[in-house]
Amino acid sequence: MKEILVIGGTGAQGLPVVKSLSSSKRFAVRVLTRDVNSVRAQEIAQLPNVTLIQGTQDNQKDLHRAFRGVYGAWVNTDGFTLGEKNELFYGCRAYEIARHEGVQHYVYASTDYALKDASWNEDYHWGHNDAKGRVADFILAQGQTGAMKSSVLTTGPYMDMLLDGHFVPQEQPDGSFVWANPAKSGKLPLINLEDLGPYSLWLFDNISESAGMDLRVATDEVTFEEIAATFTRVTGKKGVHQYIPIEDWLNAAEPYPNAPANFVAGPNAHRDEASMTWRENFGPWWRYWGEGICQKRDLELLDRIHPTRVKSLEEWMVKYKYEGKQKNVLKGVEDLKKAARLMMDQGKSSDSN
């Protein structure tokens, strides 16, 4: 079997990709992870034809070792851990190293290039999207000549963020659910994370068509008014979207004063002059998605590529028995909780001594 290196394989996007490649029985999977003993790493290590390799995304020796000998690569760098500048550098370096090591098909997991889509209006610039957008442009600009072909997989907000993150509604005393946020009438291209596996598998299986492609995926394009109405229709519980000004939302949701954008990566995450605060990052984030600036998805193309995909928000809510309750999905939040528990345990140990 051809072997695929997956970088970011224990993350929210990477897990379904690893599972889909493994279950295809056409590809073996090599996963680069900084902690081979983590719960998620050990989970995927139990899958058929999956091996783990310890290393980090910001170490060039590790990248050389990871890419060496594989047929293809699926790469999703962690911008919250790396920081905007490092994600740009290591995103480009990973591509260059992969070419040096003889990789034949390189798939880069990107997000919408917000600043570019907004005609370079800085009101819509935030770090973890724009860094990936720059890297995706760089990769596709190299063309498809030579031995290595490349593809980009562009995702928007996860539909699964209705379970974890900024899209979880608040249950009210009367049993209704309220989405109180700064989103206006923009349609968000929400993507069901589970479907990223089949999309990625298609890219590897159809290189004659996928080479040079930026496959922009979504499950459904919906406003928050439509999210609330769909919730009501599916569950029978009242759902409401309440618009609140961006400053009010930031004041209420900011983790702590002057929190860095990548606070979930812990106190030792890379930060420098280019690093954004949490407020600087998520203000533009909400403006971009909430105003519907991103490029529309070609849903007919997605139906052809993945005929059994989840095709609507309503179908997703029914399939996953959505009830508006919080559930862990995002790896960064898990890592932060793990680090907090470790710090608490260390503190208790110090107190006992």
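Right above here is the structure, for reference.
The shown structure was predicted, so the numbers you read here are calculated from the model rather than taken from an experiment. (Residues numbered from 1 in each chain as written. Predicted model: local features only at pLDDT ≥ 70, side-chain atom pairs only at ≥ 80, totals over all residues. Heavy atoms only, no water.)

Visitor: Describe the layout of surface pockets, listing the residues and the values that go with them.
Guide: The calculated volume of the second largest pocket comes to roughly 420 Å³. At the level of elements, α1 (14-24) and α2 (39-45) are the ones that each hand at least two residues to the lining of the second largest pocket. Take the lining of the second largest pocket: its biggest share by element is 3 residues, from α1. (1 Å grid on protein atoms, 1.4 Å probe; cavity = no way out; pocket = protein on both sides within 12 Å on 5 of 7 lines; lining within 4 Å. Points joined across faces, edges and corners; volume = space filled by probe spheres on them. Helix = DSSP H or I, 4+ residues; strand = E, 2+ residues; numbered from the N terminus.)

Visitor: Residue-level account of the nonpolar core, with values.
Guide: One finds Leu 21, Leu 153, Leu 162, Phe 167, Leu 215 and Trp 316 to be the most contacted residues of the largest nonpolar core, which totals 72 residues. In this structure Trp 316 touches Met 159, Asp 160, Leu 162, Leu 163, Asn 192, Val 310 and Tyr 322, once residues within four positions along its chain are discounted. Judged by nonpolar contacts, the second largest core, of 24 residues, contains Leu 32, Ala 94, Tyr 106 and Tyr 108. (Core = buried A, V, L, I, M, F, W, Y, C linked by side-chain atoms within 4.5 Å. Buried < 20%, exposed > 50% of the residue type's maximum accessible area, 1.4 Å probe, protein only. Contact = heavy atoms within 4.5 Å.)

Visitor: Pulling in residues and values, what's your account of helix α8 (residues 196-205)?
Guide: Extensive coverage of α8 is indicated by the burial of 8 of its 10 residues. Listed as buried for α8 are Leu 196, Gly 197, Tyr 199, Ser 200, Leu 201, Trp 202, Leu 203 and Phe 204.

Visitor: Describe the side chain of Lys 132, with residues and values.
Guide: Within the secondary structure, Lys 132 is located in helix α7 (residues 127-141). For Lys 132, the side chain forms a polar contact with the side chain of Asn 76, separated by 3.0 Å. (Polar contact = N/O pair within 3.5 Å; in protein donor to acceptor, adjacent residues only side chain to side chain.)

Visitor: Pulling in residues and values, what's your account of empty space enclosed by the protein?
Guide: Applying the stated criterion to the full structure yields 1 cavity of 30 Å³ or more. Estimates place the volume of the largest cavity at around 150 Å³. Lining the largest cavity are 14 residues, and of these Gly 79, Gly 83, Glu 84, Ala 261 and Met 276 lie nearest its centre. When contributions to the lining of the largest cavity are tallied by element, the ones reaching two or more residues are α4 (79-82) and α7. Each residue belonging to the lining of the largest cavity can be placed in one class, and the counts come to 5 nonpolar, 8 polar and 1 charged. (Nonpolar A, V, L, I, M, F, W, Y, C, P; charged D, E, K, R; others polar.)

Visitor: Please set out the sheet that holds strand β6 (residues 149-155) residue by residue, giving values where relevant.
Guide: As summarised here, the arrangement of the 7 strands in space is β3-β2-β1-β4-β5-β6-β10, forming an open sheet in which the pairing is parallel. Single-partner strands in this sheet number two, and they are β3 (50-54) and β10 (214-216). Looking at each pair of strands side by side, their axes are set apart by 20 degrees on average, direction ignored. When strand β1 (residues 2-7) meets strand β4 (residues 72-75), the two strands line up parallel, connected through 4 bridges. Paired with Leu 5 across the two strands is Ala 73, which belongs to β4. Sheet contacts for α1: β1, β2 (27-33), β3 and β4; angle to β2, the most-contacted strand, approximately 155 degrees. (Pairing = 2+ DSSP bridges. Axes fitted to C-alpha atoms, helices over the stretch in contact; angles between N-to-C directions.)

Visitor: How would you summarise the sheet that holds strand β7 (residues 170-171) if you had to cite specific residues and measurements?
Guide: The strand order across the open sheet built from 3 strands is β7-β8-β12, with neighbouring strands paired in mixed fashion. Lying at the two open borders of the sheet, with one neighbouring strand each, are β7 and β12 (239-243). Bridging between β7 and strand β8 (residues 177-181) involves 2 bridges; their strand directions are antiparallel. Paired with Glu 171 across the two strands is Phe 177, which belongs to β8.

Visitor: Could you give an account of the pattern of salt bridges, naming the residues involved and the relevant values?
Guide: A complete count under the given rule lists 20 salt bridges for this structure. We note a salt bridge from Asp 112 to Arg 216, for which the minimum N-O separation is 3.3 Å. Taken together, the positions of Asp 112 in the loop between β5 (105-111) and α6 (114-117) and Arg 216 in strand β10 put the pair 104 residues apart, joining distant regions of the chain. When its relative accessible area of 0% is taken as the criterion, Asp 112 is described as buried. (Salt bridge = Lys/Arg side-chain N within 4 Å of Asp/Glu carboxyl O.)

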